[in-house]
Amino acid sequence: MPQFRLSEAARLLGVSDDTVRRWVRAGQLTATDDAAGRKVVDGAQLAGFARAQATAPDDPSAVGRSARNRFVGLVTEVITDKVMAQVELQCGAHRVVSLMSTEAVRELGLRPGVLAVAVVKATTVVVETPEGSR
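Residues numbered from 1 in each chain as written. Predicted model: local features only at pLDDT ≥ 70, side-chain atom pairs only at ≥ 80, totals over all residues. Heavy atoms only, no water.

Under an unreviewed UniProt entry, the protein has the name Molybdopterin-binding protein and belongs to Amycolatopsis mediterranei.

Shown next, in the form of structure tokens:
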């Protein structure tokens with residue numbers, strides 16, 4: 001089973017090393033010593049903890065849809081020409097870029113600072129693992 005040093009766990013969770021150490025002291029995460037004597041967290045436990053900690057903003061659209069992958073965020077950049085536009089959203093730690101018509105940008109009133117929801121409907125999702133993580 002993969003193990004992650006506390007600093008790696010912090011980076012993966014998007015928090016400081018001190019926050020992870022506090023969670024360990026509070027018993028929210030269990031750390032053990034690896035062969036080199038460094039504190040590590042079991043990968044499966046870290047994954048479960050990450051899922052439990054993940055909170056997304058409420059989806060303000062109140063629209064039912066079959067797509068389950070919704071990312072609520074703020075528009076950070078809009079680049080348009082006469083026909084097409086590129087819209088960038090910052091959704092928590094994730095940057096989402098969408099290509100759409102300039103007409104759609106105007107109709108939706110998309111500009112930096114606007115709250116928006118990126119809805120991803122894909123039949124293919126590629127999953128990769130870094131070397132040595134297996």
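Next comes the rest of the account.
(A) Looking closely at the packing of helix α1 (residues 6-13) against helix α3 (residues 43-53). At a minimum axis distance of 11 Å, the contact between α1 and α3 shows a crossing angle of 30 degrees. The orientation of α1 relative to α3 falls into the category roughly parallel. Judged by the twist between their axes, the crossing of α1 over α3 is right-handed. Along the contact surface, α1 presents A9, L12 and L13, while α3 presents L46, F49 and A50. Of the residues in the contact of α1 with α3, the class split is six nonpolar, no polar and no charged. (Axes fitted to C-alpha atoms, helices over the stretch in contact; angles between N-to-C directions. Helix = DSSP H or I, 4+ residues; strand = E, 2+ residues; numbered from the N terminus. Parallel < 35°, antiparallel > 145°, perpendicular 65-115°, else oblique. Left-handed = near helix turned anticlockwise from the far one by under 90°. Contact = heavy atoms within 4.5 Å. Nonpolar A, V, L, I, M, F, W, Y, C, P; charged D, E, K, R; others polar.)

(B) Main features of helix α2 (residues 17-25). Burial in α2 covers these residues: T19, V20 and W23. Down the axis of α2, the buried side of the element spans an arc of 100 degrees, and every buried residue falls inside it. Buried positions along α2 lie against α1 and α3. Looking one or two residues past α2, G27 carries a phi angle of roughly 85 degrees, positive in sign. (Buried < 20%, exposed > 50% of the residue type's maximum accessible area, 1.4 Å probe, protein only. Arc of directions from axis to C-beta.)

(C) Focus on the sheet that holds strand β2 (residues 31-33). In space, the three strands of this open sheet follow the order β1-β3-β2, with antiparallel pairing throughout. Either end of the sheet is taken by a strand with one partner, and the two such strands are β1 (3-5) and β2. Along the sheet, successive strands turn relative to each other by an average axial angle of 45 degrees, direction set aside. Looking at chain direction, β1 and strand β3 (residues 39-42) are connected through three bridges and run antiparallel. When the sheet's bridge partners are listed, Q3 is paired in β3 with D42. Its contacts with the sheet place α1 against β1, β2 and β3, and it is angled at close to 95 degrees to β1. (Pairing = 2+ DSSP bridges.)

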